[in-house]
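# Coordinate inspection notes
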Amino acid sequence: MAAVLDRRDPFAVLNAEQRAAAEHGVGDASAPALLVVAGAGTGKTATLAARVAKLVLAGADPQRVLLLTFSRRAAHEMAQRAARLLHAALGLPPTLAAPQLPWAGTFHAVAARLLREHAPRIGLAPAFTIVDRGDAEDLMGLVRHEQGLAASARRFPLKGRCLAIYSRAVNTREPVEAVVRHAFPWCLGWEDELRRLFAAYVAEKQRQQLLDYDDLLLYWQLLLDEPSLAGAVRARFDHVLVDEYQDTNRLQAAIVRGLKPDGRGLTVVGDDAQAIYGFRGAELRHILDFPRQFEPPARVVTLTRNYRSTQPLLAAANAVVALAPEGFAKSLWSDRDGERPRLVAVADEAAQARWVADEVLRRREEGLALKQQAVLFRAAQHSAALELELARRDIPFVKYGGLAFLEAAHVKDLLSVLRWVHNPRHRLAGLRVAQLVPGMGPAHARRLVDAMAQSGDPVQAMHDFDAPRAAATDWAAWLAAAAALRTGDWPGDVACALQWYRPHLERLHDDAAVRLADLEQLARLAAGYPSRERFLAELTLDPPQATSDEAGAPHRDEDWLVLSTIHAAKGQEWAALCVLHAVDGCIPSDLATGSAAEIEEERRLLYVAMTRAKRHLALLVPQRFHVTAQHRLGDRHVWASLTRFVPPSVAALFDVETAVTDAAAAEGGAACTGAAVDLAARARAAF
Ligand code: ATP
Ligand code: MG
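Below you will find a few notes about this structure. (Residues numbered from 1 in each chain as written. Chains lettered and ligands numbered in written order. Predicted model: local features only at pLDDT ≥ 70, side-chain atom pairs only at ≥ 80, totals over all residues. Heavy atoms only, no water.)

## Re the overall build of the protein chain
Let me state the cut-off plainly: Helix and strand labels come from DSSP, where a helix needs a run of H or I of at least four residues and a strand needs a run of E of at least two; each type is numbered from the N terminus. Working definition: with a 1.4 Å probe on protein chains only, accessible area under 20% of the residue-type maximum means buried, over 50% means exposed, and in between means partly exposed. Any pair of residues with heavy atoms lying within 4.5 Å of one another is described as a contacting pair. Per-residue and other accessible areas were derived by the Shrake-Rupley procedure at a 1.4 Å probe size, with only the shown protein chains allowed to occlude residues.
When you go through the protein chain residue by residue, the secondary structure sums to 27 helices and 16 strands. Sorting the 687 residues of the protein chain into buried and exposed places 54% on the buried side. For the protein chain, long-range pairs separated by at least 24 residues make up 77% of all intrachain contacts whose partners lie at least 6 apart in sequence. When the accessible surface of the protein chain is split by element, carbon and sulfur atoms take 53% of a total near 28,500 Å².

Encoded structure:
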């Protein structure tokens, strides 16, 4: 849309429905809520950005506009889009920036900021620390151990499972019993112990002044539930706009309602056919029930014209989702013609990787930059063979989703230093940092954090700690570094922490140079945040998914291919797209075929993947693929069959190609023309 911005009327590009949505109730504070419900690529996000611009042009204060998006990247893009429109509409000279939108972000990031402001009034320490999933899991593990549940005669659910149950109970606002019965039936019988564990987990978090991801939403919602506080929170925003509303969970939906109880000033957009976060407790019902929640009911605007993809690609995507047993059939149309999507059978993962690399280079020769192309897959590990192939051929790529930058030990170490200094009661950070000091073992570290927890002045307790003799010099060096860090000099703190950490990094890791580059990257990232607190909070909430995600200027004009999980590709688009492993066992994932609802979510995932493509789309069907040891089968190859979401009637909308060598075919691979003999399932059933 940027390309067609008209300086006189940047909104001229909007079609009638988009315009109606963008202008709904602008300037009329009594207008009812607005729901834009429409299929992929119909311009929902573009319309939302236009609406923000229209509101600001009509006098809305950008400081009082809240824009809730699915990721920080999406927030940034939407804010930029709105700013570009405003810039053009106001006829500003290039040197003058358009009004910014300071309140654009994810639910979690916005919650963190609001809670920080309200902390003193709601019994939270203003310096509270946000813990990521990994740390929350470790904390759950500690509490589980302390509660004696680790030693039960019958095997008690592991820490990760406990956290999943807890998180689901919080996000769906359902009692533990109901959550276990519906989502974790194999944990039945442990409800009393789980409730006891969760109560202890909550108490422990409060003692350490920690909030996990779920707490951020929970406290925000509690804030809105408390009559003496809700007014102030509500009064803060005149307009609340939410993108990708189909993926909100019950807690998020309650927050949205709590912010605008009568719906006035509220806009949500989404697509029920793209709901892919049910596994995190999101409920399709929220978008379907939205209009009737308010009095007067919300205005509903639907969009059916797709501006992203060609008609043959849409026909295939429509056909995939049309086979869903329930849902709101929305048939997308486009006036752009083009080639049909391709269904490509390849022998195995290595052949798949070679085919994709060839294809990507071929398209580049045709003039499509790498950045206009992407490769999507269901699970992060599905791209392993392709990553090797791309590296071998020197094709630069960036991978989104699943790359746990923040999980890397060295990144965790450095962040723990900053976290511990920021919140001396942060036990996990303390345990981690203390043990970096040579001579400090786990028992010493525990003694130290216990002493700090029990003291009214934890910093003093750290200085008074009687470190073991072997650690004396290094401990003194830490105390000096901690003192320097406490005086706070943002973003210089990161360099200061790195200066202390560097010798330990070099002592602990053979590949210190590579890791150092990551940490320098982290320091560059830090410079983009106004304070240590915002940096720690936002990084924890929405971690950069790839090291180059927020890379600075030097990388900006380089060209690279995007590799992404389907989940992380939400809302985006590329001219050419390959989808890996379009086979049963991968899509749908054999880890997610427990219930009909899960299967339907996998179907929508394939739909989301296919609707990211503008002009070229290929689904790859390896005849044989590798199954890793996390499956009960152990490490081995299994024969695959085309995904069940592309039965022969749908396959007829594709061009079917076979890149399988005769030898591989003779070995017994199932045909990929929709025969759908689920050998993977048969192999599983053998155990
Ligand atoms: P998704 O469901 O995948 O999030 P969406 O409905 O949010 O998709 P957008 O990403 O807003 O769709 O738009 C899809 C593409 O169509 C973008 O490239 C956008 O710039 C373009 N587009 C949207 N509206 C128009 C229009 N009226 N004229 C021309 N192009 C448009
Ligand atoms: Mg969108």
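This is not the end of the story, as more comes after the structure.
## Section: the sheet that holds strand S6 (residues 239-242)
Put simply, the rule reads: We call two strands paired when DSSP finds no fewer than two bridges between them. Axis lines are fitted to C-alpha atoms, over the contacting stretch for helices. Their N-to-C directions set the angle, which ranges from 0 to 180 degrees.
With parallel pairing, 6 strands are arranged side by side in an open sheet as S3-S2-S6-S7-S1-S8. A single partner strand is all that each edge strand has here, and the edge strands are strand S3 (104-106) and strand S8 (299-303). In this sheet, adjacent strand axes meet at a mean angle of 20° when their direction is disregarded. Looking at chain direction, strand S1 (residues 34-38) and strand S7 (residues 266-270) are connected through 4 bridges and run parallel. Across the sheet, Leu-35 pairs through a bridge with Val-268, a residue of S7.

## Comments concerning the packing of helix H5 (residues 133-146) against helix H6 (residues 159-172)
Where we set the bar: Oblique is the label for any angle not under 35 degrees, not over 145, and not in the 65 to 115 range, which are roughly parallel, roughly antiparallel and roughly perpendicular in turn. Each residue gets one of three labels, nonpolar for Ala, Val, Leu, Ile, Met, Phe, Trp, Tyr, Cys and Pro, charged for Asp, Glu, Lys and Arg, and polar for the others, Gly among them.
It is the contact of H5 with H6, at a shortest axis distance of 8 Å, that shows an interaxial angle of 105°. Viewed along their axes, H5 and H6 adopt a mutual orientation that is roughly perpendicular. Here Arg-133, Ala-136, Glu-137, Asp-138, Met-140, Gly-141 and Arg-144 of H5 come into contact with H6, specifically with Lys-159, Gly-160, Cys-162, Leu-163, Tyr-166 and Ser-167. Considering only residue class, the contact of H5 with H6 consists of 5 nonpolar, 3 polar and 5 charged.

## Quick look at helix H24 (residues 596-610)
The periodicity of an α-helix, 3.6 residues per turn, causes residues three or four positions apart to be oriented the same way. To keep it simple, the criterion reads: To estimate how far a helix should extend, the number of its residues minus one is multiplied by 1.5 Å.
Relative to the 21 Å expected for 15 residues at 1.5 Å per residue, H24 spans 21 Å between its end C-alpha atoms, a close match to the ideal helical length. Summarising burial for H24: 12 of the 15 residues are buried, a large majority. Buried residues of H24: Ile-599, Glu-600, Glu-601, Glu-602, Arg-603, Arg-604, Leu-605, Leu-606, Tyr-607, Val-608, Ala-609 and Met-610, and no others.

## Thoughts on the site of ligand 1
Stated formally: For this description, a residue counts as near a given molecule or strand if any of its non-hydrogen atoms is within 4 Å of it. Counted as a polar contact is a pair of N or O atoms within 3.5 Å, where, for protein atoms, one must be capable of donating a hydrogen and the other of accepting one, and residues adjacent in sequence contribute only when both atoms are in side chains. Source of the domain bounds: an automatic or database domain assignment.
Around ligand 1 lies a shell of 21 residues, among which Lys-44, Thr-45, Gln-274, Glu-573 and Arg-612 are the nearest. Within the contact set of ligand 1, an oxygen atom lies 2.6 Å away from a side-chain nitrogen or oxygen of Lys-44. Between ligand 1 and the protein, one listed contact pairs an oxygen atom with a side-chain N or O atom of Arg-612 at 2.6 Å. The biggest single contributor to the shell around ligand 1 is helix H2 (residues 44-57), with 3 residues. Taken together, the residues of the shell around ligand 1 break down into 6 nonpolar, 9 polar and 6 charged. Counting contributing residues per domain, the shell around ligand 1 is built from domain 1 (16-111 + 226-299) and domain 3 (311-396 + 555-669), each supplying no fewer than three.

## A look at the packing of aromatic side chains
What characterises a pair of aromatic rings is the spacing of the ring centres plus the angle enclosed by the ring planes. Stated precisely, the cut-off is as follows: Stacked, edge-to-face and tilted are the three classes for Phe, Tyr and Trp ring pairs, Trp counted by its six-membered ring, which pair at centre distances within 6.5 Å; planes under 30 degrees apart are stacked, over 60 edge-to-face, the rest tilted. By definition here, charges over rings are those cases where NZ of Lys or CZ of Arg is within 6 Å of the ring centre and within 35 degrees of the ring normal.
Enumeration over the complete set of coordinates arrives at 12 aromatic pairs. Seen from their ring centres, Tyr-245 and Phe-290 are 5.4 Å apart, and the 70° between their planes marks the pair as edge-to-face. Taken as a pair, Tyr-245 in the loop between S6 and helix H11 (250-259) and Phe-290 in the loop between helix H12 (285-289) and S8 lie far apart in primary sequence, 45 residues in all. Taking the centre distance of 5.3 Å and the plane angle of 45° together, the rings of Trp-490 and Phe-535 count as tilted. With Trp-490 in the loop between helix H20 (472-486) and helix H21 (492-508) and Phe-535 in helix H23 (residues 532-541), this pair connects stretches of sequence that are 45 residues apart. Both residues of the pair, Trp-490 and Phe-535, count as buried. Among the aromatic residues, those joined into a cluster by ring pairs are Tyr-166, Phe-198 and Tyr-201. Note that Arg-113 overlies the ring of Trp-103, its terminal NZ or CZ placed 3.8 Å from the centroid. Above the face of the Trp-560 ring, Lys-371 is positioned so that its terminal group lies 4.3 Å from the ring centre.

## Things to note about the environment of Ala-353
Note on placement: Ala-353 falls in helix H14 (residues 349-365). Accessibility expressed as a relative area gives 3% for Ala-353, which makes it buried. For Ala-353 and Leu-620, which are 267 residues apart along the polypeptide, the C-alpha to C-alpha distance reads 9.7 Å. If we skip the residues at most four places from it in the chain, Ala-353 touches Ala-385, Leu-386 and Glu-389.

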